[in-house]
Amino acid sequence: MLWKYRRLCRETALLLVVIFCFPRVGWPWGWLAHRWVNQQAFAHLPAEMTGFERWAKVVAAHGSDADYRKAWDPLESPRHWIDIDNFPEFYQGHLSHNLDSLKARHGQHMDVYGNGVVPWIIAGVTETLSVAMAAGDWGEAVLLAADLGHYVADCHQPLHTTRNYDGQLTGNKGIHLRYEIDMIRRNPDRLKADPARAVYVEEPLEHIFGTIRRTWSFVDSIMSADCQARKKDPVYGDDYYQVLWEKTGRFTTKQLSRASRILADLWYTAWIDAGRPAFPPAAAVVTCAGLQADPHAQGLMNVQGVVTIGSGVLDREHTRLYIQDQSGRGILVFDHDPVAEDIVRGDLVQVEGIIHDYRGITEVSGPLVTVLDRGCAAVPPRALTTAEANDPEWDGTIIQVRGAVVFILRQERWTRLHLDDGSGAIVVLAWKDTELDLREVQEGDVLTVCGVGTYLADEGSYAILPGYEDQVVREKD
Ligand SMILES: [Zn+2]
């Protein structure tokens, strides 16, 4: 493969890993439920933690990071569940809550880690979060708070607590996705929070085991709801989901609101244990050039710039927009979810989020994007030779080259051109979502191409991503 579209690669890898490597799939609650739980948890925090709310959007946006990690970390999946009913002593009510004891007792005949470790992960992340808060490492703390929310939400999903996780033992195959994704997606407005305030938790691990026992008690209700719903609608249409919701919606909404409250309890506990550190004020505005110079900072940041490639232009499924500021450099603003509001070329936006380096590309992830102004003057591209464009300097920055087409490869998701002005070729990638019409382009044509610079991690070289029709101009013969 010449070029792997980075998120596609991430998602394809996830699918392959899931299909071929794991005996079972670590399905998540849908993105929507994770985001809701993380966002909602802020409503439960006491007034003394108000300063943490500044990062609510970032914490919500990173609610599914833990699921994405499954693509490259084989140890990640079992962190999302526990098949607690695989332990015979669970039924008798004396299951040890010590992982080492369980390994010593059951390690001979079962893979205790592979059976799921979500309670210990929740307790561990709560402690790590406390350490990060005490150290004033708020960039890290925000990501840990988001991860904690993910695991807490997962352990409130009944099918994450049972060996019959997909109804495969009771003739309810496929119920996992029908219940946690398809049903929730049809009822997003029915999720309701309770008004309870967060409390300090003396023993997070015990607290979570108590929650899991309660969560597990709903497994049979889900299976029986599935049977009844299928009786009404065996092809899983609207009627099926209506019955499934009628039978399970009540406890499902309670489970999710309980997850958000327990998450708030654990954030509060971590913060108390950290010695009640002060929350940082809004991050100071930095420049894109400053961010590009230190992409490993992993911190919370605030940047303002004019949009050079708007939302939905390169990629309709995710937020993938580019901004550029007075420093002459630009940066990618990325989220797994599309932005709610249309952001178009020429908008002046403020972006708060976390800066990080994703496989050689600097990006602001989990961004809170606020439109400050509309209709600003277009950012002029930096004119370069094709050889000069092949440089990390232009990651995220709008550039322009002119050269002859020396290679074309058309694939379903993108068209790849190589342009050369005699100084050395640069790759131009036109993604399918841009709807750029390059069918007429042939080898030997001379093009002027404008777009943002990016990095092809698998090739160790750079490329230009055009987004709009006016950014690819073919010279007449
Ligand atoms: Zn998960």
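Residues numbered from 1 in each chain as written. Predicted model: local features only at pLDDT ≥ 70, side-chain atom pairs only at ≥ 80, totals over all residues.

S.K.: Could you clarify how one ought to interpret the packing of helix H2 (residues 31-41) against helix H8 (residues 138-154) in this entry?
M.R.: When two helices pack together, their arrangement is given by the angle between their axes and by how far apart the axes lie. In contact at an axis separation of 9 Å, H2 and H8 are set at 120 degrees when each is read in the N-to-C sense. The angle between H2 and H8 falls in the class oblique. Viewed along their axes, H2 and H8 form a crossing whose handedness is right-handed. Residues Ala33, His34, Val37, Asn38 and Ala41 of H2 form the contact with H8, whose participating residues are Ala146, Gly149, His150 and Ala153. Looking at side-chain class alone, the contact of H2 with H8 contains five nonpolar, four polar and no charged residues. (Axes fitted to C-alpha atoms, helices over the stretch in contact; angles between N-to-C directions. Helix = DSSP H or I, 4+ residues; strand = E, 2+ residues; numbered from the N terminus. Parallel < 35°, antiparallel > 145°, perpendicular 65-115°, else oblique. Left-handed = near helix turned anticlockwise from the far one by under 90°. Contact = placed C-beta atoms within 7 Å. Nonpolar A, V, L, I, M, F, W, Y, C, P; charged D, E, K, R; others polar.)

S.K.: Just checking my understanding: could you explain the packing of helix H7 (residues 118-134) against helix H12 (residues 238-273) for this structure?
M.R.: Here H7 crosses H12 at 45 degrees, and the two axes come no closer than 8 Å. The angle between H7 and H12 falls in the class oblique. Like other packed secondary-structure pairs, H7 and H12 cross with a definite hand, here right-handed. Across from Thr126, Leu129, Ser130 and Met133 in H7, the residues of H12 making contact are Leu266, Thr269, Ala270, Trp271 and Asp273. In the contact of H7 with H12, the residues fall into five nonpolar, three polar and one charged.

S.K.: Teacher, can you tell me more about the nonpolar core here?
M.R.: Generally speaking, soluble globular proteins have nonpolar side chains that are buried together. Of all hydrophobic cores here, the largest spans 124 residues; its most connected members are Ile122, Val142, Leu148, Val152, Leu263, Trp267 and Val428. With 13 residues, H12 is the single largest residue contributor to this core. Excluding its chain neighbours within four sequence positions, the residues that come into contact with Val142 are Trp55, Val58, Val59, Leu300 and Ile354. (Core = buried A, V, L, I, M, F, W, Y, C linked by C-beta atoms within 7 Å. Buried ≥ 20, exposed ≤ 12 C-beta atoms within 10 Å, placed from the backbone.)

S.K.: Sorry if this is basic, but what is going on with unusual backbone geometry here?
M.R.: Residues apart from glycine generally show negative phi values, whereas peptide bonds are mostly found in trans. The backbone phi angle of Arg359 is positive, close to 50 degrees, even though this residue is not glycine. In this structure, Arg359 sits in the loop between strand S5 (348-358) and strand S6 (361-373). The exposure class assigned to Arg359 is partly exposed, which follows from the 13 C-beta atoms found within 10 Å. Its identity as a non-glycine residue notwithstanding, Glu435 has a phi of 60 degrees, on the positive side. Mapped onto the secondary structure, Glu435 falls in the loop between strand S10 (426-431) and strand S11 (446-456). Judged by C-beta crowding, with 11 C-beta atoms within 10 Å, Glu435 ranks as exposed.

S.K.: Explain the pairing of strand S2 (residues 300-309) here, please?
M.R.: A regular strand places its side chains so that they alternate between the two faces of the sheet. Counting buried positions along S2 gives eight out of ten residues, so the element sits mostly inside the fold. Relative to S2, strand S1 (residues 285-286) is paired through two bridges, and the arrangement is parallel. Bridged to Val286 within S2 is Val303. In the sheet, S2 pairs with S5 via seven bridges, with the strands oriented antiparallel. Bridge pairing links Met301 to Gly353 in S5. Across three bridges, S2 lies against strand S3 (residues 319-324) in antiparallel orientation. Among the inter-strand pairings, Val307 is bridged to a residue of S3, identified as Ile323. (Pairing = 2+ DSSP bridges.)

S.K.: Before we go on, may I ask you to explain the domain arrangement of the protein in this structure?
M.R.: Under the domain assignment used here, the protein contains domain 1 (6-273), domain 2 (285-373) and domain 3 (382-474). Of note, the centres of domain 1 and domain 2, computed from C-alpha atoms alone, are 30 Å apart. The interface of domain 1 with domain 2 comprises 14 residues on the first partner and twelve residues on the second. Sorting the residues of the side of domain 1 that touches domain 2 by element identifies helix H1 (6-21), helix H3 (56-61) and H8 as the ones contributing at least two each. With five residues, the top contributor of residues to the side of domain 1 that touches domain 2 is H8. Its residues assigned to classes, the side of domain 1 that touches domain 2 comprises seven nonpolar, three polar and four charged. (Domains from an automatic or database assignment.)

S.K.: Help me out: how do you make sense of the environment of Ile399 in this one?
M.R.: Mapped onto the elements of the fold, Ile399 is located in strand S8 (residues 398-410). Put simply, Ile399 and Pro381 are 18 residues apart on the chain and 4.5 Å apart in space, counted from C-alpha to C-alpha. With sequence-adjacent residues up to four places away left out, Ile399 is seen in contact with Pro381, Arg382, Leu384, Ala389, Trp394, Gly453 and Ile464.

S.K.: Could you clarify how one ought to interpret the environment of Ala264 in this entry?
M.R.: With respect to the secondary-structure elements, Ala264 resides in helix H12. Judged by the 25 C-beta atoms lying within 10 Å of it, Ala264 falls in the buried class. For the pair Ala264 and Ala145, spaced 119 residues apart in sequence, the C-alpha to C-alpha distance is 9.5 Å. Once residues within four sequence positions are removed from consideration, Ala264 is found in contact with Ala41, His44, Leu45 and Ala198.

S.K.: How should I be thinking about the environment of Val427 in this particular structure?
M.R.: Along the chain, Val427 falls in strand S10. With sequence-adjacent residues up to four places away left out, Val427 is seen in contact with Arg416, His418, Leu456, Ser461 and Ala463.

S.K.: I tried to follow the pairing of strand S4 (residues 330-335) on my own but got confused; where do I start?
M.R.: Counting buried positions along S4 yields six of six residues, so the element is predominantly enclosed. Where burial is concerned, the two faces of S4 agree: the one with Gly330, Leu332 and Phe334 and the one with Ile331, Val333 and Asp335 are both buried. Two elements, S3 and S4, share six bridges in a ladder whose sense is antiparallel. Following the sheet pairing, Leu321 is matched in S4 by Val333. The turn joining S3 and S4, which pair antiparallel and follow one another in sequence, is formed by five residues; a positive phi near 85 degrees is taken by Gly328. Two strands pair when backbone bridges link them, and S4 and S6 are joined in this way by three bridges, in the parallel orientation. Counted as the bridge partner of Phe334 is Ser365 from S6.

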